[in-house]
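Descriptive analysis of the structure
Residue-level listing of the chains:
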Amino acid sequence: MQPNTAQPLAGRTALVTGASSGIGRATALALAEHGAGVLLAARSEDKLTELAGSIADAQVLVMDVRNAEGVERALEGHDPDLIVCNAGLGVGVGPLQAGKPADWDKMIDTNVKGILHTVHATLPGLLERKGGDMVLLGSVAGRQVYPGGNVYNATKHAVKAIYDALRLDTVGQGIRFTTVDPGMVETNFSVVRLSGDHAAAEAVYRGMTPLRPEDVADAILYAVTRPPHVNVGEMVLWPTDQASTRDLHRPLDPSQ
Ligand SMILES: NC(=O)c1ccc[n+]([C@@H]2O[C@H](COP(=O)([O-])OP(=O)(O)OC[C@H]3O[C@@H](n4cnc5c(N)ncnc54)[C@H](OP(=O)(O)O)[C@@H]3O)[C@@H](O)[C@H]2O)c1
């Protein structure tokens, strides 16, 4: 039988956490467009329901990735074979000594424990079928720290460590793991990080061209549509205007 090149993900079921916004939303749409059924997971039921309305085969899973039992419960009766652990957030930017422990809890519980809960609930299904894809959303912040990024940086370094550990713990079981590590992507991320200050969030991308969520979705799509013997492991995506987590070119900013 010839492979279905227009719908390479036909017959697959994708779970996308953080599907209500940004990278997760774009990824869910891209995977669905290429034939996957999608399980749309996040806390915002209204946004997920609206998104599900534009996808042929979609189901809404309202869940908070910080809650291990809640994740297991939401996934009962589902058997995804393509998992995108994308839900994540930054809370605040500033020196560690001025940081708030409650903000650290939010980042660590969502970005680190949220991935562990999602992996724990879904990896047994992949092991049973001896195949499937597990994609983790890391960040360039998991490769380079930057001033004021301390705890967020630490959570993304942890994502890289979890990715490395999963490869070692499951080798020989036919499962592919991918960490996708973007630089600046224009989403709701900065609005959340800067406590809803839209003007400050817009200033983050002032005068430069950030990645779009669709660019990251495209990279994920590439990884999960390779032949089964090819595992695209680590993908680092930079905006062309960004040289490192600390070096930005703002060619469209008249003040520079
Ligand atoms: N934007 C960037 O520059 C950038 C760069 C590198 C990496 N990343 C990573 O990319 C991922 C997606 O971020 P984004 O840029 O697309 O931001 P976004 O637009 O703010 O989307 C974040 C998503 O995560 C979900 N989420 C947050 N906390 C959750 C929780 N406790 N349980 C379930 N879902 C939760 C949100 O949904 P609800 O609020 O509805 O739950 C939302 O769907 C994150 O892991 C982020 O660290 C972003």
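So, a few notes on the structure that sits alongside this text. All figures in this text were calculated on a predicted structure; none of them were measured in a lab.

Looking now at the site of the ligand. The full set close to the ligand counts 29 residues, and S21, R43, S44, Y152 and T187 are the nearest of them. Between the ligand and V185, the relevant distance is 2.9 Å, taken from an oxygen atom to a main-chain nitrogen or oxygen of the residue. Calculation on the ligand without its partners gives an accessible area of 880 Å², and the protein chains cover 93% of this total. With respect to the pocket detection grid, the ligand is positioned in the largest pocket. Among the residues making up the shell around the ligand, the classes are represented as twelve nonpolar, 13 polar and four charged.

This part is about the nonpolar core. Membership of the largest hydrophobic core comes to 32 residues, with the highest contact counts inside it found for L31, L40, V84 and V216. Only β1 (13-17), α1 (22-33), β2 (37-42), α2 (45-52), β4 (82-85), β5 (132-137), α8 (213-224) and β7 (234-237) provide two or more residues apiece to this core. Considering each element in turn, this core owes the most residues, six residues, to α8. Those residues in contact with L31, other than ones at most four positions away along the chain, are L9, A14, V16, A36, V38, L82, V84, L221 and V224. Counting 25 residues, the second largest nonpolar core, distinct from the first, contains V65, V119, L126 and Y163.

Relative to the 16 Å expected for twelve residues at 1.5 Å per residue, α8 spans 17 Å between its end C-alpha atoms, a close match to the ideal helical length. Contact partners of the buried residues in α8: α1, β4, β5, β6 (175-182) and β7.

Let us now look at the side chain of R12. As for its position among the elements, R12 is in the segment before β1. By relative accessible area, which is 18% here, R12 ends up buried. One polar contact links R12 to D133, side chain to side chain, over a distance of 2.8 Å. If we skip the residues at most four places from it in the chain, R12 touches A36, G37, D81, L82, G132, D133 and V224.

Along α2, the residues that are buried comprise L48, L51 and A52. Projected down its long axis, α2 carries its buried residues within an arc of 100 degrees, all on one side. More than 90 degrees from the buried face of α2, the exposed residues found are D46 and E50. On its buried face, α2 is in contact with α1, β2 and β3 (58-62).

Turning to the sheet that holds β6, a few remarks are in order. Here seven strands make up an open sheet; going across it, the order is β3-β2-β1-β4-β5-β6-β7 and the pairing parallel. The sheet is open, and its two edges are formed by β3 and β7, each paired on a single side. When the angles between neighbouring strand axes are averaged without regard to direction, this sheet yields 15 degrees. The pairing of β1 with β4 spans three bridges and is classified as parallel. Residue pairing for β4: L15 is matched across the bridge by I83.

Rules of the game
- Residues numbered from 1 in each chain as written.
- Predicted model: local features only at pLDDT ≥ 70, side-chain atom pairs only at ≥ 80, totals over all residues.
- Heavy atoms only, no water.
- Near = heavy atom within 4 Å.
- Polar contact = N/O pair within 3.5 Å; in protein donor to acceptor, adjacent residues only side chain to side chain.
- Areas by Shrake-Rupley, 256 points an atom, 1.4 Å probe, with all protein chains shown as cover.
- 1 Å grid on protein atoms, 1.4 Å probe; cavity = no way out; pocket = protein on both sides within 12 Å on 5 of 7 lines; lining within 4 Å.
- Sits in = over half its atoms within 2 Å of the grid points.
- Nonpolar A, V, L, I, M, F, W, Y, C, P; charged D, E, K, R; others polar.
- Core = buried A, V, L, I, M, F, W, Y, C linked by side-chain atoms within 4.5 Å.
- Buried < 20%, exposed > 50% of the residue type's maximum accessible area, 1.4 Å probe, protein only.
- Helix = DSSP H or I, 4+ residues; strand = E, 2+ residues; numbered from the N terminus.
- Contact = heavy atoms within 4.5 Å.
- Expected span 1.5 Å × (residues − 1).
- Arc of directions from axis to C-beta.
- Pairing = 2+ DSSP bridges.
- Axes fitted to C-alpha atoms, helices over the stretch in contact; angles between N-to-C directions.

Read these as layout, nothing more, since geometry by itself doesn't imply function.
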